[in-house]
Amino acid sequence: MGKIICVANQKGGVGKTTTAVNLAACLADAGKPTLLVDLDPQGNASSGMGVRAGKKTVYEALLGECPLESTLEKTKQKKLTVAPSDIRLAGAELELANMQRREYRLRAALEPVRKDYDYLIIDCPPSLGLLTVNALTAAQSVLIPIQCEYYALEGVTALMNTIQRVKRSLNPGLEIEGVLLTMLDGRTNLGLQVVAEVKKHFKQQVFKTTVPRNVRLGEAPSHGLPINLYDGRSTGAEAYQALAKEVIKKNKGI
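Read on for a plain summary of the structure.

1. Focus: the nonpolar core
Among the nonpolar cores identified, the biggest contains 55 residues, and Leu 110 and Ile 122 are the most heavily contacted of them. It is helix 6 (residues 130-138) that provides the largest number of residues to this core, a total of 6 residues. Excluding its chain neighbours within four sequence positions, the residues that come into contact with Ile 122 are Ile 4, Ile 5, Cys 6, Val 7, Val 37, Leu 39, Leu 106, Leu 110 and Ala 135. Among the nonpolar cores identified, the runner-up in size contains 34 residues, and Ile 5, Val 21, Tyr 119 and Ala 220 belong to it.

Right, dumping it as structure tokens:
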């Protein structure tokens, strides 16, 4: 059964979708069959992989109107499949609110396809609402991207509190996959200070890999390609390939 990892941080602009897309692509590139689940109504993970949502999306699967398998789309990256979403998913928070076992809808939708993949990567919305709680309830671990900026740890406390609440009441096995430092400018003292601060706070949970500021990472989504296919020799591609190796090593039983 595949390892389910959700990429979460309620703070926007920290590289969450960039990480979900490129980690998924680099895991697939390393020969691991991977499913990327777009749980963000903005649908950026889908468009970043060149996938346009059809009539059936994650939204319909969450509401039980279709199996998740019927939403899946192939990508240009071999061994990588996407469960796409679009703006329709924005209504899911309200529609799920009155459903039974509302926090378990994504887990139930993923269960029939887990056997087909080594990794299932969930891109969460930038909030701590019902969609993110569904992702945390479905996942075995959480990967937390943190931008190397002055307010880096601001808001992370709220995320950690939500993770603890989900562990207590919905998903006791949930763990931290790791903390990923993104958008690092190694030339500045501030960037290096943030790295030291995050490592002091999270200790051994911080990935060795850091993702640098990289123009090619910003360009890749407009071409509908992950960074390893857009420019495999860029520093951004090298960083996400190194991250994929860390994740594979940590989960070597898969």
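Still to come is the rest of the account.
2. Concerning the environment of Thr 132
With respect to the helices and strands, Thr 132 occurs in helix 6. A relative accessible area of 1% means that Thr 132 is categorised as buried. Each C-alpha atom, one on Thr 132 and one on Gln 10, is 8.9 Å from the other, the two residues being 122 residues apart in sequence. The residues touching Thr 132, leaving out its near neighbours within four places in the chain, are Cys 124, Pro 125 and Ser 127. One polar contact links the side chain of Thr 132 to the main-chain carbonyl oxygen of Ser 127, over a distance of 2.7 Å.

3. Details of the environment of Gly 12
Within the secondary structure, Gly 12 is located in the loop between strand 1 (3-7) and helix 1 (16-29). Here Gly 12 falls in the exposed class, since its relative accessible area comes to 51%.

4. Comments concerning a nonpolar patch on the surface
A contiguous nonpolar patch, built from Tyr 150, Tyr 151 and Leu 190 and spanning about 360 Å² of accessible area, is present on the exposed surface. Structurally, the position occupied by Leu 190 is in helix 8 (residues 189-202). With a relative accessible area of 37%, Leu 190 lands in the partly exposed category.

The rules behind these values
Residues numbered from 1 in each chain as written. Predicted model: local features only at pLDDT ≥ 70, side-chain atom pairs only at ≥ 80, totals over all residues. Heavy atoms only, no water. Core = buried A, V, L, I, M, F, W, Y, C linked by side-chain atoms within 4.5 Å. Buried < 20%, exposed > 50% of the residue type's maximum accessible area, 1.4 Å probe, protein only. Helix = DSSP H or I, 4+ residues; strand = E, 2+ residues; numbered from the N terminus. Contact = heavy atoms within 4.5 Å. Polar contact = N/O pair within 3.5 Å; in protein donor to acceptor, adjacent residues only side chain to side chain. Patch = residues over 30% accessible without salt bridge, like charges linked within 9 Å, V, L, I, M, F, W, Y side chains within 5 Å. Areas by Shrake-Rupley, 256 points an atom, 1.4 Å probe, with all protein chains shown as cover. Salt bridge = Lys/Arg side-chain N within 4 Å of Asp/Glu carboxyl O.

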